[in-house]
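# Coordinates in review
Listed below, chain by chain, are the residues.
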Amino acid sequence: MKWGLIALTLVGALGYGLYFLSSSPAPVTQPTPKAEVVKPQSKPVKKTTEKVTQPVVPPPSKAKETSTLPPKPEEKWRYIEELKNKEIQIEAKKADDKPTKPYLMQCGAYRSQDQAEQRKAMIAFQGLDSQVKASAGEKGTWYRVIIGPYPKKRQAENDRNMLKRAGIAPCAIWFWE
């Protein structure tokens, strides 16, 4: 009963609002006046061979005074001059900084060899050759799926991005052991 009364009140208020909007006159907008184009009256032009010169009038002196700019303000900071005269020396990395070990990419570690073989097959469908290596530790035997060796890390990153786009993730890049 209570909700019906509230709904009836809201419907009545909506009806009154619509009636009020429809009965009130629309606001009248005044048209904007259009600018009239006045053409100067021209006299008929006579064809003559006389040369007509117009006198040259120098610009008024007041216009000259207003066109000059105020003096340039002094800089409060010195860093602008310091940066102009600054020399920067950069040392390039030497080619001797190459890693001595090749890289490998690990794309999973599994408790069962079947799971590792399934991951190896998924990688093979992407055109990469992978291996399953068993490693025994304190927590039992783990089967790691690895790809590599890669002489450069960039090659490993390219293959990792390709596998990621194929839905094979996560893959980690390590030094070869």
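Preceding this paragraph is the structure being described.
Attention here is on the structure that accompanies the text. From a predicted model like this one, the values you see are computed outputs, not experimental measurements.

## Focus: the state of the cysteines
Applying the stated criterion across every chain yields a total of one disulfide. The disulfide bridge from Cys107 ends at Cys171, spanning 2.2 Å between sulfur atoms. Taking the sign of the S-S torsion, 115° for the link of Cys107 and Cys171, the bridge is right-handed. Residue Cys107 is located in strand β1 (residues 103-110), and its partner Cys171 is located in the loop between α5 (153-165) and β4 (172-175); the two are separated by 64 residues in the primary sequence. In this pair, the class of Cys107 matches that of Cys171, namely buried.

## Side note on the pairing of β1
Here β1 lies mainly inside the structure; seven of its eight residues are buried. As judged from the five bridges shared by β1 and strand β3 (residues 140-150), these two strands associate in the antiparallel manner. Bridge pairing in β3 links Tyr110 to Tyr143. By the bridge criterion, four bridges tie β1 to β4 in an arrangement that is antiparallel. Along β4, the bridge assignment pairs Tyr103 with Phe175.

## Let's talk about helix α4 (residues 113-124)
Its 12 residues place the ends of α4 16 Å apart at the C-alpha level, agreeing with the 16 Å of an ideal helix rising 1.5 Å per residue. The complete set of buried residues in α4 reads Ala116, Arg119 and Ile123. One face of α4 carries all of its buried residues, which in axial projection span an arc of 60°. α4 presents Asp114 and Gln118 as exposed residues on the side facing more than 90 degrees away from its buried surface. Structurally, α4 contributes buried residues whose contacts are with β1, β2 (130-137), β3 and α5.

## Remarks on the nonpolar core
Membership of the largest hydrophobic core comes to 16 residues, with the highest contact counts inside it found for Met105, Cys107, Ile123, Ile147, Tyr150 and Leu163. Going through the elements one at a time, β1, α4, β3 and α5 are the ones with two or more residues in this core. Setting aside residues up to four positions removed in sequence, Ile147 forms contacts with Leu104, Met105, Cys107, Ile123, Leu128, Asp129, Ser130 and Leu163.

Rules and cut-offs
Residues numbered from 1 in each chain as written. Predicted model: local features only at pLDDT ≥ 70, side-chain atom pairs only at ≥ 80, totals over all residues. Heavy atoms only, no water. Disulfide = S-S within 2.5 Å. Helix = DSSP H or I, 4+ residues; strand = E, 2+ residues; numbered from the N terminus. Buried < 20%, exposed > 50% of the residue type's maximum accessible area, 1.4 Å probe, protein only. Pairing = 2+ DSSP bridges. Expected span 1.5 Å × (residues − 1). Arc of directions from axis to C-beta. Contact = heavy atoms within 4.5 Å. Core = buried A, V, L, I, M, F, W, Y, C linked by side-chain atoms within 4.5 Å.

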